[in-house]
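# Close look at the chain arrangement
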Amino acid sequence: MATSAVDSFLPEALQFRPGAPLVDIGANLTHESFQRDLGDVIARAKAANVATLIVTGTDIEHAEHAVELAKQTPGIYATAGIHPHDASGWNSDVARQLKALHQQPEVVAVGECGLDFNRNFSTPHEQERAFEAQLALAAESGLPLFLHERDAGQRMREMLHSWRDDISQAVIHCFTADRDTLHGYLDLDLHIGLTGWICDERRGHHLRSVVKDIPLERLMVETDCPYLLPRNLPAKLKGRRHEPALLPWIVREIAQWHDVTETELGEATTRTAQRFFRLDAEA
Ligand SMILES: [Zn+2]
């Protein structure tokens, strides 16, 4: 079952196939750390039954690269947006290029976009301006939104509230906030993406008690690789780089806290992702 690429890279304790094919809704495969061995990374994902990868586009260059990848590889799709960190570069030219990307059949969501008041690499004002414009693009194209939010839950909810009737669906990717914020998002009929943050015994603890509040038809799973390598892996990994083949480990952890089997969680999150991103059902 496992390919030689998997054998030589993944420790044995991580070589298991989930009972259901999975969708990794947040893979930053255009990150430079994947340049060297992307083919192997994708082969390992397939061998681990991570059948579908949504490659995150965080600016024009990365989104174009993600579309290229999606054109070349079955089971790969792209998103196209401007990350809040890069919101200071927003202008009408960027808007025009994004809009063209959203018309590509490989692009299944507007994003990654949103608000990050934790690091403020762009000012809150710049972030709100770029986000507002991308909400308008999502409303125009009808595409779902792939959202990033850190320490900006209240403002995010306000902005989404005023756009809620105009946009289709939206997922808060890599959700890490508290129960009240979660329920605010669920009340807005949003979807939630969970990463290996929950595998972190230092800072992911609060998530464990909150996970059960997310209905399975609202929940999707993601690695956010190469970032957020799960901290509780049963064996050391060469290079310490996170990748889609490790998604089954995250699913195992989430299933435990949601009180369902891995297969149930895998089947439900895949069904949800297929519906949300309007993917072909064979994934
Ligand atoms: Zn993010």
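Located above this text is the structure these notes cover.
To start, this report covers the structure provided alongside it. It should be emphasised that the depicted structure is a prediction, and the values quoted were computed from it without experimental measurement.

Let us look at the overall build of the chain. Summing up its helical and strand segments, the chain has 10 helices and eight strands in all. Taken against the 2.2 N^0.38 rule, which gives 19 Å for 283 residues, the C-alpha radius of gyration of the chain at 18 Å falls within 12% of a compact globule. For the chain, the C-alpha atoms occupy an extent of roughly 50 × 40 × 35 Å along the three principal directions. For the chain, restricting intrachain contacts to residue pairs at least 6 apart in sequence, the fraction spanning at least 24 positions comes to 75%.

We now examine the pairing of strand β3 (residues 76-80). Most of β3 is tucked away: five of the five residues are buried. Residues of β3 alternate between two faces, with Ile76, Ala78 and Ala80 on one and Tyr77 and Thr79 on the opposite face, all of them buried. Relative to strand β4 (residues 107-116), β3 runs parallel, the two being bridged by three bridges. Looking at β4, one finds that Ala80 is bridged to Val110.

As a further point, take the nonpolar core. Core analysis: the biggest nonpolar cluster contains 83 residues, and Val55, Ala78, Val171, Ile192, Val221 and Ile254 have the highest contact counts within it. Beyond its immediate chain neighbours, meaning those up to four positions away, Ile254 contacts Leu194, Ile198, Val211, Val221 and Leu265.

Bringing the sheet that holds β3 into the picture now. The strand order across the open sheet built from eight strands is β1-β2-β3-β4-β5-β6-β7-β8, with neighbouring strands paired in parallel fashion. Strand pairing shows two members of the sheet lacking a second neighbour, β1 (22-27) and β8 (219-221), which therefore form its edges. Strand-to-strand, the axes of this sheet are offset by a mean angle of 30°, without reference to chain direction. Bridge analysis of strand β2 (residues 50-55) against β3 gives three bridges, and the strand direction is parallel. From the neighbouring strand, Ile54 faces β3, where its bridge partner is Tyr77.

Turning our eyes to something else, we now look at the pairing of β1. By the criterion of burial, β1 is predominantly enclosed, with six of the six residues buried. In terms of strand pairing, β1 meets β2 through four bridges, oriented parallel. Across the sheet, the residue bridging to Val23 is Thr52, located in β2. In terms of handedness, the path from β1 via helix α2 (residues 38-47) over to β2 forms a crossover that is right-handed.

On to the environment of Ala66, then. The residue Ala66 is located in helix α3 (residues 60-72) in this model. Separated by 35 residues in sequence, Ala66 and Leu101 place their C-alpha atoms 10 Å apart. Beyond its immediate chain neighbours, meaning those up to four positions away, Ala66 contacts Thr30, Val55, Gly57 and Ala78.

Keep in mind that most residues, glycine aside, have a negative phi and that most peptide bonds are trans. Of the consecutive residues Gly111 and Glu112, the connecting peptide bond is found in the cis state with omega at 15°. A positive phi angle is found at Cys174, which is not glycine, with a value near 50°. Although it is not a glycine, Arg278 adopts a positive phi angle of roughly 55°. For Arg278, the location among the structural elements is in the segment after α10 (262-277).

Look at α3 against helix α4 (residues 92-102): their axes get within 11 Å of each other, and the N-to-C directions meet at 15°. In terms of orientation, α3 lies roughly parallel with respect to α4. By crossing handedness, the relation of α3 to α4 is classed as left-handed. For the pair α3 and α4, the contacting residues are Ile60, Ala63 and Val67 in the first and Val94, Gln97, Leu98 and Leu101 in the second.

A separate point is helix α6 (residues 153-163). Because an α-helix completes one turn every 3.6 residues, residues spaced three or four positions apart along the sequence face the same direction. Taken together, the buried positions of α6 are Gly153, Met156 and Leu160. Viewed along the axis of α6, the buried residues span an arc of 60°, placing them on a single side of the element. Structural note: α6 exposes Glu158, His161 and Ser162 on the side pointing more than 90 degrees away from its buried face. Buried residues belonging to α6 abut β4, β5 (145-150), β6 (170-172) and α7 (179-187).

Residue placement: Asn49 occurs in the loop between α2 and β2. Judged by the 18 C-beta atoms lying within 10 Å of it, Asn49 falls in the partly exposed class. Separated by 227 residues in sequence, Asn49 and Phe276 have C-alpha atoms that sit 20 Å apart. Contacts of Asn49, omitting those with residues within four sequence positions, involve Arg17, Pro18, Pro21 and Leu22.

Reading guide: rules and limits
Residues numbered from 1 in each chain as written. Predicted model: local features only at pLDDT ≥ 70, side-chain atom pairs only at ≥ 80, totals over all residues. Helix = DSSP H or I, 4+ residues; strand = E, 2+ residues; numbered from the N terminus. Rg over C-alpha atoms; globule rule 2.2 N^0.38 Å. Contact = placed C-beta atoms within 7 Å. Buried ≥ 20, exposed ≤ 12 C-beta atoms within 10 Å, placed from the backbone. Pairing = 2+ DSSP bridges. Core = buried A, V, L, I, M, F, W, Y, C linked by C-beta atoms within 7 Å. Axes fitted to C-alpha atoms, helices over the stretch in contact; angles between N-to-C directions. Right-handed = clockwise from strand over helix to strand, strands pointing away. Parallel < 35°, antiparallel > 145°, perpendicular 65-115°, else oblique. Left-handed = near helix turned anticlockwise from the far one by under 90°. Arc of directions from axis to C-beta.

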